[in-house]
Amino acid sequence: DYAAGTDYEAGALPLLPSRVDQAVIAIVRVGVALLWVQNVGWKTPPDFGQGDPPSGLYQSASYAVSHEVFHPYAWLVDRLVLPNFMFFGWMVLLVEASLGAFLLIGLATRFWALVGVAQTVVIMLSVLHAPHEWYWSYFLMVLVHLALFATSAGRYAGLDGLLRPAWQRSPSRRARWLVRAS
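Residues numbered from 1 in each chain as written. Predicted model: local features only at pLDDT ≥ 70, side-chain atom pairs only at ≥ 80, totals over all residues. Heavy atoms only, no water.

A. Region of the structure containing the environment of Asn84. Along the chain, Asn84 falls in the loop between helix 3 (71-81) and helix 4 (85-105). Within the structure, the side chain of Asn84 is placed 2.8 Å from the backbone oxygen of Leu80, a separation counted as a polar contact. (Helix = DSSP H or I, 4+ residues; strand = E, 2+ residues; numbered from the N terminus. Polar contact = N/O pair within 3.5 Å; in protein donor to acceptor, adjacent residues only side chain to side chain.)

B. A look at unusual backbone geometry. Following Pro45, the chain continues to Pro46 via a peptide bond in cis, the omega torsion being 10°. Looking at where Pro46 falls in the secondary structure, it is placed in the loop between helix 1 (19-40) and helix 2 (56-66). In this structure, Pro53 follows Asp52 across a cis peptide bond, with omega equal to 5°. Considering the arrangement of structural elements, one finds Pro53 in the loop between helix 1 and helix 2. Unusually for a residue other than glycine, His132 sits at a positive phi of about 65°. Residue placement: His132 occurs in the loop between helix 5 (109-127) and helix 6 (135-150). Note on His132: relative accessible area 84%, which makes it exposed. For Ser152, which is not glycine, the phi torsion reads 50° and is therefore positive. (Buried < 20%, exposed > 50% of the residue type's maximum accessible area, 1.4 Å probe, protein only.)

C. Broad picture of the side chain of His145. Positionally, His145 belongs in helix 6. In contact with His145, other than residues within four places in its own chain, are Val32, Trp36, Leu103, Ala113, Gly116, Val117 and Thr120. (Contact = heavy atoms within 4.5 Å.)

D. Broad picture of the packing of aromatic side chains. Scanning the entire structure with this criterion turns up 9 aromatic pairs. Centre to centre, the rings of Tyr58 and Phe85 are 4.9 Å apart; their planes meet at 90°, and the pair counts as edge-to-face. Of the two residues, Tyr58 sits in helix 2 while Phe85 sits in helix 4, which places them 27 residues apart along the sequence. Here Tyr58 falls in the buried class, since its relative accessible area comes to 17%. What makes Phe85 buried here is its relative accessible area of 3%. With a centroid separation of 5.1 Å and 85° between ring planes, the pair formed by Phe111 and Trp112 is classed as edge-to-face. (Phe/Tyr/Trp six-rings, centres within 6.5 Å; stacked < 30°, edge-to-face > 60°.)

E. Seen up close, helix 4. Taking 1.5 Å of rise per residue, 21 residues should cover 30 Å, and helix 4 covers 30 Å from first to last C-alpha, within 8% of that figure. For helix 4, the complete set of buried residues consists of Phe85, Gly89, Val92, Leu93, Glu96, Ser98, Leu99, Gly100 and Leu103. Tucked inside the fold, the buried residues of helix 4 contact helix 1, helix 2, helix 3, helix 5 and helix 6. (Expected span 1.5 Å × (residues − 1).)

F. Broad picture of helix 6. The end-to-end C-alpha distance of helix 6 is 23 Å, a good match for the 22 Å that 16 residues give at a rise of 1.5 Å each. Within the span of helix 6, buried status applies to Tyr138, Met141, Val142, His145 and Leu148. Down the axis of helix 6, the buried side of the element spans an arc of 125°, and every buried residue falls inside it. Opposite the packed face of helix 6, turned more than 90 degrees from it, sit the exposed residues Leu143 and Ala150. Taken together, the buried residues of helix 6 touch helix 1, helix 4 and helix 5. In the segment just after helix 6, Ser152 is the residue with positive phi, at about 50°. (Arc of directions from axis to C-beta.)

Right, dumping it as structure tokens:
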């Protein structure tokens, strides 16, 4: 039976059988999505803070060099990211806006939760030793993204929950990927 740990076919039983549990994880997913959406607001194109004095995203990225956390990462930022900052600024904006949007609607949530872990680690490697940073906030962000991944949070009040049955019936490669990503 379910309590004894017998393996059921994917989708046969919900991961979170209680409606309260499902509602809580959906609220957490939406809250994390709104955090990413709000954070996009200070990553302003076209220069992303690359002025004199530096500000915004550029200043944050430069902390990876001036307040080094991990030498190989600082070297990469100094030699690759900062000299090509316009490209990286647009990529950060695109990734974080997508993170917020996909988590908000609950589509491919497990995939985007892993992207959230990766993006949080990148941010952490940039600003962990910067002035006035609370390092626990980054560890908490990693943990909450892992929780969204582990609970397949988009299956509750998200598009993953609505579309997953159709993806499971489809023989297409894209549908198989979406089943795993949901």
